[in-house]
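# Observations on the model geometry
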Amino acid sequence: MQDAYTPRPEHHFTFGLWTVGNPGRDPFGEPVRAPIPPARIVHKLAELGAYGVNLHDNDLVPSDAAASERDRIVRDFTAALQATGLQVPMATTNLFSDPAFRDGAFTSNDARVRAYALQKTLAAIDLGVELGASMYVFWGGREGVETNAAKDARSALGWYRDAINFLCDYVRAQRYDMRFALEAKPNEPRGDIFLPTTGHMLAFIYTLDHPEMVGLNPEVAHEQMAGLDCSHAVAQALDAGKLFHIDLNGQKLGRFDQDLRFGSDDPKGAFFLVKLLEDARWPGMRHFDSHAYRTEDEDGVWDFASGSMRTYLILKERAERFNADPEIQQLLAELRTRGGGGGGDKPAERIVFSAERARALQAETFDLPAIRRQGYAYERLDQLTMELLLGVR
Ligand code: DIG
Ligand code: MN
Ligand code: MN
């Protein structure tokens, strides 16, 4: 069915091999779906209108594969990419499945584990470059503790920083066209994960040797697990010029990491995130780091993938309607011009220090009773937004 919400490669939708390839295992049950071969995932995603496919090293190459086997697997995968035109924009390392990483990878107390994690990541970066990736994501799923008796968090942050600095220097030495995107999560699988939110990651970036190479990969579910509004984390990443990638999915508050289909649980939150990305004209990959319900068979997996992209495009169209809605825009214009602020596209005058600006401010008088009396009409504004989202505007 082709309609206004049919995804096309120019929409930059991507999925990880591990997302549509998720076999439906959970902590209380075995896999419910047979593995889908990577080449089939490539062909199906291309058929559905996706732009690209991402991977952890071991989503494609088993960690115990011999070099010849690795090369064969990469050859077959590359053939599918060439046959479909699907791209590999992002790669990452699985530093969380191997029991060797049970105390963390870059932040394990065992220096041998920290070294092995670096070795594994060097090989995974090479694989990503070989497949055409220019973005490399780091999600430190095991970088945390269940008890603070295990390690001083300052030591852990130092090891984390040394690892990222080492890998930045490797990419520079290899002259790879690659940047890093750090992904936060507050907990799970560890009791507490270091650098738990996008804000923590942003601060960490500025302690690195090459902060210009390193940005953020906010994930909707992870910010919501921390009880935060993901669109605010993404706004701060955009403001800092550090939104290098994004993981779109859905999540109910107070649950384990559900990685639900984007927008399926919180369409209003998803709407404001899509509006932010589209208003910002953000050119990055719209990556769905999520998976089908465990109830689904393979047909359900492709329903999940199509639904993810369709919901994004429907919300993109709703954002365009919001930006064109006369009543909504009139309310916003009135708000922006209050007190002589900006109007239309003219931004409000910025408050920049100067001696006379300070003197003028000190001499200024305010009609505080009037300011205290005024309302902001946000109930009207939000109701109009809700009616637009519910399809009656
Ligand atoms: C989980 O949210 C993580 C892993 O799936 C992967 O390392 C990263 C890539 O988007 N997200
Ligand atoms: Mn997640
Ligand atoms: Mn993710």
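Quantities reported herein were computed from a predicted structural model and do not represent experimental measurements.

## A short note on the packing of helix α11 (residues 298–324) against helix α15 (residues 378–389)
Helix packing for two helices is described by the angle between their axes and how far apart those axes are. At a closest axis distance of 10 Å, the pairing of α11 and α15 adopts a crossing angle of 140 degrees. The pairing of α11 with α15 is recorded here as oblique in orientation. With respect to the hand of their crossing, α11 and α15 are arranged in right-handed fashion. Contacts between α11 and α15 involve L315, R318, R321 and F322 from the first element and T385, L388 and L389 from the second. A breakdown of the residues in the contact of α11 with α15 according to their chemical character gives 4 nonpolar, 1 polar and 2 charged.

## Topic: the coordination of the manganese ion (ligand 2)
The coordination sphere of the manganese ion (ligand 2), as far as protein atoms go, consists of E219 (OE), H222 (NE2), D257 (OD) and D259 (OD), spread over 2.0 to 2.4 Å. The sequence pattern describing where the donors of the manganese ion (ligand 2) fall on their chain is E-x2-H-x34-D-x1-D. The distance between the manganese ion (ligand 2) and the manganese ion (ligand 3) comes to 4.6 Å, with E219 serving as a donor to both metals. Here the residue H222 occupies a position in helix α8 (residues 220–225), and D257 occupies one in the loop between β9 (247–248) and α10 (267–279), the gap between them amounting to 35 residues. Across this residue pair, the class does not change: H222 and D257 are buried.

## So, helix α5 (residues 111–130)
Taking 1.5 Å as the rise per residue, α5 with 20 residues should run 28 Å; its terminal C-alpha atoms sit 29 Å apart, in good agreement. V113, R114, A117, L118, K120, T121, A124, I125, L127 and G128 are the residues of α5 that are buried. Following α5 by one or two positions, G132 has its phi on the positive side, about 100 degrees.

## Notes on the site of ligand 1
Around ligand 1, the surrounding shell holds 13 residues, and the nearest of these are H56, E183, E219, D247 and D289. H56 has a polar side-chain atom sitting 3.0 Å from an oxygen atom of ligand 1. A distance of 2.7 Å is found between an oxygen atom of ligand 1 and a side-chain nitrogen or oxygen belonging to E219. Relative to its unbound accessible area of 300 Å², ligand 1 is 95% covered by the protein chains. Mapped by element, the contributors of at least two residues to the shell around ligand 1 are β3 (90–92) and β4 (135–139). Grouping the amino acids of the shell around ligand 1 by side-chain chemistry returns 4 nonpolar, 5 polar and 4 charged.

## Description of a nonpolar patch on the surface
A cluster of nonpolar side chains, L361, F366, L368 and I371, forms an exposed patch at the surface whose accessible area comes to about 350 Å². As for its position among the elements, I371 is in helix α14 (residues 368–373). Residue I371 is classed as partly exposed on the basis of its relative accessible area of 41%.

## Things to note about the packing of aromatic side chains
Counted under the stated rule, the structure contains 18 aromatic pairs. Considering the side-chain rings of F15 and F288, the 5.1 Å spacing of their centres and the 35 degrees angle between planes classify their relative orientation as tilted. On the criterion of sequence distance, the pair formed by F15 in strand β1 (residues 13–16) and F288 in strand β10 (residues 286–288) is long-range, its members being 273 residues apart. Each of the two residues, F15 as well as F288, counts as buried. Ring plane angle 65 degrees and centroid distance 5.0 Å describe the contact between F271 and F272, whose orientation is recorded as edge-to-face. Taken together, the aromatic side chains of F13, F15, F262, F288, F304 and Y312 make up a single cluster linked through ring pairs. If you follow R114 out to its NZ or CZ, it ends over the ring of W159, 4.0 Å from the centre. In this structure, R179 is placed above the aromatic ring of F244, and the distance from its NZ or CZ to the ring centre is 3.9 Å.

## Comments concerning the coordination of the manganese ion (ligand 3)
Surrounding the manganese ion (ligand 3) are the protein donor atoms E183 (OE), E219 (OE), D247 (OD) and D289 (OD), which sit 2.0 to 2.2 Å from the metal. For the manganese ion (ligand 3), the 6 donor atoms in the first shell make angles of 76 to 174 degrees at the metal, a pattern classed as octahedral. One chain supplies every donor for the manganese ion (ligand 3), spaced along it as E-x35-E-x27-D-x41-D.

## A few points about the domain arrangement of the chain
Taken domain by domain, the chain holds domain 1 (9–323) and domain 2 (326–389). On a C-alpha basis, the centres of domain 1 and domain 2 stand 39 Å from each other. Listed per partner, the contact involves 8 residues of domain 1 and 8 residues of domain 2. Of the roughly 710 Å² buried at the junction of domain 1 and domain 2 (both faces included), carbon and sulfur atoms supply 70%. It is K268, R318 and F322 that lose the most area in domain 1 upon contact with domain 2, and together they represent 71% of the buried surface on that side. Our count for the domain 1 to domain 2 interface comes out at 1 salt bridge. Notably, a salt bridge pairs K268 with D382, separated by 2.8 Å at the nearest N-O pair. Broken down by secondary-structure element, the contributors of at least two residues to the side of domain 1 that touches domain 2 are α10 and α11.

## Side note on the pattern of salt bridges
In total, this model carries 29 salt bridges according to the counting rule given. Here R70 and E130 are joined by a salt bridge, their closest N and O atoms 2.8 Å apart. Here E130 lies in helix α5 and R70 lies in helix α4 (residues 67–84), a separation of 60 residues in the sequence. Taken together, the salt bridges that share partners define one network made up of D103, E146, K151 and R190.

What counts and how
Residues numbered from 1 in each chain as written. Chains lettered and ligands numbered in written order. Predicted model: local features only at pLDDT ≥ 70, side-chain atom pairs only at ≥ 80, totals over all residues. Heavy atoms only, no water. Axes fitted to C-alpha atoms, helices over the stretch in contact; angles between N-to-C directions. Helix = DSSP H or I, 4+ residues; strand = E, 2+ residues; numbered from the N terminus. Parallel < 35°, antiparallel > 145°, perpendicular 65-115°, else oblique. Left-handed = near helix turned anticlockwise from the far one by under 90°. Contact = heavy atoms within 4.5 Å. Nonpolar A, V, L, I, M, F, W, Y, C, P; charged D, E, K, R; others polar. Donors = N, O, S within 2.8 Å, 3.2 Å for Na, K, Ca; no water. Buried < 20%, exposed > 50% of the residue type's maximum accessible area, 1.4 Å probe, protein only. Expected span 1.5 Å × (residues − 1). Near = heavy atom within 4 Å. Polar contact = N/O pair within 3.5 Å; in protein donor to acceptor, adjacent residues only side chain to side chain. Areas by Shrake-Rupley, 256 points an atom, 1.4 Å probe, with all protein chains shown as cover. Patch = residues over 30% accessible without salt bridge, like charges linked within 9 Å, V, L, I, M, F, W, Y side chains within 5 Å. Salt bridge = Lys/Arg side-chain N within 4 Å of Asp/Glu carboxyl O. Phe/Tyr/Trp six-rings, centres within 6.5 Å; stacked < 30°, edge-to-face > 60°. Lys NZ or Arg CZ within 6 Å of the ring centre and 35° of its normal. Tetrahedral: all angles 85-135°; square planar, octahedral: opposite > 155°, others 65-115°. Domains from an automatic or database assignment. Buried area = accessible area lost by both parts, 1.4 Å probe.

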